[in-house]
Amino acid sequence: MVSISTNTPTSELQAIDAAHHMHPFTTAQDLAVKGARVITRAEGCWLTDSDGNRILDAMAGLWCVNIGYGRRELAEVAARQIQDLPFYNTFFQTTHVPVIALAAKLAELAPGDLNTVFFANSGSEANDTNIRAVRTYWAAKGQPDRNVIISRWNAYHGSCVGSGSLGGMTGMHAQGGMPIPDIHHIGQPHWYNEGGDLSPEDFGLARARELETAILEIGPDRVAAFIAEPIQGAGGVIVPPASYWPEIQRITKQYGILLIADEVITGFGRTGNWFGSETLGITPDIMTIAKGLSSGYQPIGASILSDEVAATLAQVEFNHGYTYSGHPVACAVALENIRILEEEDIITRVREDTGPYLKKRFESLTDHPLVGEASIVGMMGSLALTPDKATRAPFEAEAGTVGYICRERCFANNLIMRHVYDRMIISPPLTISKKEIDILIERARKSLDECYAHLQANDMLKPGTRP
Ligand SMILES: *Cc1c(COP(=O)(O)O)cnc(C)c1O
């Protein structure tokens, strides 16, 4: 066995990684040829790789490092908790102080009457909990046939069999027998790609009314719940038209179906409020949280239930749970993360200061010949790349080809910006400074310029047609 450390040469690390580590959402044989980038350290918004490059992380890891990297307080809390009580379960009529404290804190922070927390280790697991919770809820109310959950195409709700079924990623459905039965998908409120000649407002209404059509087709007494991200994240940071959510609310209320807001990305300050539901005026019955809950320092997720849902479920034994539900170390770290968000008033700064600044700078990129639209709320944004701004046309090349080229230019310029098909997306740490925002925009523009030059040189600026 070779000894492996941060001093091991990059090429050796990459070879061992390729030999023994299978990466998520990756074609292994392609990555093996290229070699994975090895990240060794991080501080604030900056990553360091094994070659010593300093990279601005405009994705906060994977939408999660809301308070930034390198916060010693979280390390100290974790070390103390590991010494005091590294693990105990919450199954058999036992509990512990960190899980009590975090549940109470979340009940205080969550809007409305969302006051009861069921813990998981990730967003995927929490959404699997939600599937079983809403079906068990309706069974407890004497309506066991109310088990259909409506979701949206191009939604992302996680990667377990249940949560992956809720999600609307066709590439995921194609592998391994998803979706599970009684999950139904409707269209997404993605005006730029799918709105055609409708105004954004009319399109938002039309897409919301697909929910009503689906409920009537399936039968109102068969629909248990509707699940959606307030703003789609992994689908490409798609901000719905203003008409969308009020109409969704009207419909869920009229037919008495539960509304699940998947706040895994939009929670914990990302949109300038504690939860995206507050920013978008949504009143959910259940909220899914993860990622920013611990700023990614520990794996933890949860479902927060309304008083009515919790009281109904309280009547039955809910045969569900994870060994690490409410893990004491993860709970302690999440609490410390929340304490820092509050004490340093980070969310107010996003809402009133750095958020508006980022919005202004990000929207300035729309003068670039490739950028058809800049959408941004708080600290999550996207750029639509197009060869023809007037018609919002896609490129002739397969969707994602140009986005990938642009992403590679960002990588080369030491900026982490992701692409979803031909949308470039950002979700930086909430602690990003104005100076760092300037660097982000400067590097993004340089990368767009280089991408544009590449497209010109290779005759790739021709518009195609939407599938
Ligand atoms: C990331 C994500 C999930 C899944 O969370 P994991 O912790 O990766 O399991 C669920 N919903 C949304 C909206 C997400 O962005």
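Each value, and the rule that gives it
- Residues numbered from 1 in each chain as written.
- Predicted model: local features only at pLDDT ≥ 70, side-chain atom pairs only at ≥ 80, totals over all residues.
- Heavy atoms only, no water.
- Near = heavy atom within 4 Å.
- Polar contact = N/O pair within 3.5 Å; in protein donor to acceptor, adjacent residues only side chain to side chain.
- Areas by Shrake-Rupley, 256 points an atom, 1.4 Å probe, with all protein chains shown as cover.
- Pairing = 2+ DSSP bridges.
- Helix = DSSP H or I, 4+ residues; strand = E, 2+ residues; numbered from the N terminus.
- Axes fitted to C-alpha atoms, helices over the stretch in contact; angles between N-to-C directions.
- Phe/Tyr/Trp six-rings, centres within 6.5 Å; stacked < 30°, edge-to-face > 60°.
- Buried < 20%, exposed > 50% of the residue type's maximum accessible area, 1.4 Å probe, protein only.
- Domains from an automatic or database assignment.
- Contact = heavy atoms within 4.5 Å.
- Buried area = accessible area lost by both parts, 1.4 Å probe.
- Salt bridge = Lys/Arg side-chain N within 4 Å of Asp/Glu carboxyl O.
- Core = buried A, V, L, I, M, F, W, Y, C linked by side-chain atoms within 4.5 Å.
- Expected span 1.5 Å × (residues − 1).
- Bend = angle between axes of the 7 residues up to and from the residue.
- Parallel < 35°, antiparallel > 145°, perpendicular 65-115°, else oblique.
- Left-handed = near helix turned anticlockwise from the far one by under 90°.
- Nonpolar A, V, L, I, M, F, W, Y, C, P; charged D, E, K, R; others polar.
- 1 Å grid on protein atoms, 1.4 Å probe; cavity = no way out; pocket = protein on both sides within 12 Å on 5 of 7 lines; lining within 4 Å.
- Points joined across faces, edges and corners; volume = space filled by probe spheres on them.

Q: Which residues make up the site of the ligand, and what values do they have?
A: Neighbouring the ligand are the residues Ser122, Gly123, Ser124, Asn127, Tyr156, His157, Gly158, Glu229, Asp262, Val264, Ile265 and Lys291. With respect to the ligand, the backbone of Tyr156 contributes an N or O atom lying 3.4 Å from a nitrogen atom. At a separation of 2.7 Å, an oxygen atom of the ligand approaches a polar side-chain atom of Lys291. Relative to its unbound accessible surface of 380 Å², the ligand loses 84% to contact with the protein.

Q: How would you explain the sheet that holds strand 12 (residues 380–385) if you had to name every residue and give the values?
A: Sheet strands associate in pairs through backbone hydrogen bonding, adopting either a parallel or an antiparallel arrangement. Across the sheet, 4 strands lie side by side as 11-12-15-14; this open sheet has antiparallel pairing. Of all the strands in the sheet, just strand 11 (371–377) and strand 14 (418–420) have a single pairing partner and so form its edges. Here the strands of the sheet are splayed against their neighbours by 25° on average, with no regard to which way each runs. Pairing geometry for strand 14 and strand 15 (residues 423–426), over 3 bridges, is antiparallel. Residue pairing in the sheet places His419 in a bridge with Met424 of strand 15.

Q: With reference to specific residues and values, describe unusual backbone geometry.
A: A cis amide bond links Met178 with the next residue in sequence, Pro179, at an omega value of -5°. Take Pro179: it is sitting in the loop between helix 8 (170–173) and strand 6 (183–186). In this structure, Gln93 takes a positive phi of about 55° despite not being glycine. On the secondary structure map, Gln93 appears in the loop between helix 4 (72–84) and helix 5 (97–109).

Q: Provide a residue-level description of the packing of aromatic side chains, including the pertinent values.
A: Under the defined criterion, the tally for this structure stands at 9 aromatic pairs. Aromatic side chains Phe25 and Tyr156 sit 6.5 Å apart centroid to centroid with 65° between the ring planes, which places their arrangement in the edge-to-face category. Taken as a pair, Phe25 in the loop between helix 1 (10–20) and helix 2 (28–34) and Tyr156 in the loop between strand 5 (148–152) and helix 7 (161–166) lie far apart in primary sequence, 131 residues in all. Note on Phe25: relative accessible area 63%, which makes it exposed.

Q: How would you summarise the domain arrangement of the chain if you had to cite specific residues and measurements?
A: Bring the parts together and some accessible area is lost; that lost area is often taken as the interface size. In terms of domains, the chain is made up of domain 1 (38–67 + 345–457) and domain 2 (73–343). Relative to domain 2, the C-alpha centre of domain 1 lies at a distance of 26 Å. Across the boundary between the two partners, domain 1 contributes 31 residues, which contact 35 residues of domain 2. In this assembly, domain 1 packs against domain 2 so that about 2,800 Å² is buried in total across both faces, 62% of it on carbon and sulfur atoms. When residues of domain 1 are sorted by the area they lose upon contact with domain 2, Ile67, Met380 and Arg392 head the list and together hold 28% of the total. The tally of links between domain 1 and domain 2 comes to 0 salt bridges.

Q: Go over the pattern of salt bridges, please, and point to the residues and values.
A: Inspection of the entire model under this criterion finds 25 salt bridges. Arg423 is the salt-bridge partner of Glu373, the closest N and O atoms lying 2.8 Å from each other. With a gap of 50 residues between them, Glu373 in strand 11 and Arg423 in strand 15 connect regions that are remote in the sequence. For the residue pair Glu373 and Arg423, the accessibility class agrees, reading buried in each case. Asp459 serves as the salt-bridge partner of Lys462, at 3.2 Å between the closest nitrogen and oxygen.

Q: Any chance you could break down the nonpolar core for me, citing the residues and the numbers?
A: One broad trend across soluble globular proteins is that nonpolar side chains are buried collectively. Ranked by size, the top nonpolar core spans 65 residues in total, and within it Leu102, Leu106, Phe268, Leu293 and Leu385 carry the most contacts. Here the element with the most residues in this core is helix 14 (residues 328–343); it accounts for 8 residues. Two domains each donate at least three residues to this core, and these are domain 1 (38–67 + 345–457) and domain 2 (73–343). Ignoring sequence-local partners within four residues, the contact set of Leu102 consists of Phe119, Leu293, Ile300, Cys331, Ala334, Leu335 and Ile338. In terms of nonpolar packing, the next biggest core, distinct from the first, is built from 19 residues, Tyr137, Leu166, Ile286 and Phe318 among them.

Q: Hey, could you go over the sheet that holds strand 6 for me, with residue numbers and the actual values?
A: One open sheet accounts for 7 strands, arranged 4-10-9-8-7-5-6; its pairing is mixed. Here the strands that pair on one side only, and so sit at the sheet edges, are strand 4 (114–120) and strand 6. Going across the sheet, the axis of each strand differs from the next one's by a mean of 25°, ignoring polarity. Judged from the 4 bridges that link them, strand 5 and strand 6 form a sheet pairing that is parallel. Looking across to strand 6, one finds that Arg152 is bridged to Ile186. Relative to the sheet, helix 5 contacts strand 4, strand 9 (286–289) and strand 10 (301–306), its axis offset from that of strand 4 by approximately 135°. Docked against the sheet, helix 11 (residues 244–254) engages strand 5, strand 7 (223–228) and strand 8 (258–262), running at close to 165° with respect to strand 7.

Q: Describe in detail helix 15 (residues 346–363), supporting the description with residues and values.
A: For helix 15, built from 18 residues, the straight-helix expectation of 26 Å at 1.5 Å per residue is missed by more than 12%, its first-to-last C-alpha distance being only 22 Å. The largest bend along helix 15 measures about 50° and falls at Thr354, with the proline Pro356 one to four residues further on.

Q: Give me the lowdown on the packing of helix 5 against helix 14, citing residues and values where you can.
A: Between two packed helices, what matters for the description is the angle formed by their axes and the separation of those axes. Put simply, helix 5 and helix 14 touch, their axes get as near as 8 Å, and they point 40° apart. Of the possible angle classes, the one that applies to helix 5 and helix 14 is oblique. Once helix 5 is placed against helix 14, the crossing between them reads as left-handed. Packed against helix 5, whose contacting residues are Pro98, Val99, Ala101, Leu102, Lys105, Leu106, Glu108 and Leu109, the element helix 14 presents Pro328, Cys331, Ala332, Ala334, Leu335, Ile338 and Glu342 at the interface. When its residues are assigned to classes, the contact of helix 5 with helix 14 shows 12 nonpolar, no polar and 3 charged.

Q: Report on the layout of surface pockets, specifying residues and quantitative values.
A: Taken as a whole, the second largest pocket encloses approximately 770 Å³ of empty space. If you trace the second largest pocket, you find 27 residues lining it, with Thr90, Phe91, Phe118, Phe318 and His320 closest to the centre. If you list the elements that add at least two residues to the lining of the second largest pocket, you get helix 5, strand 4, helix 6 (123–140), strand 10 and helix 13 (307–313). When residues in the lining of the second largest pocket are grouped by element, the largest group, 4 residues, is from strand 4. Tallied by class, residues from the lining of the second largest pocket come to 15 nonpolar, 11 polar and 1 charged.

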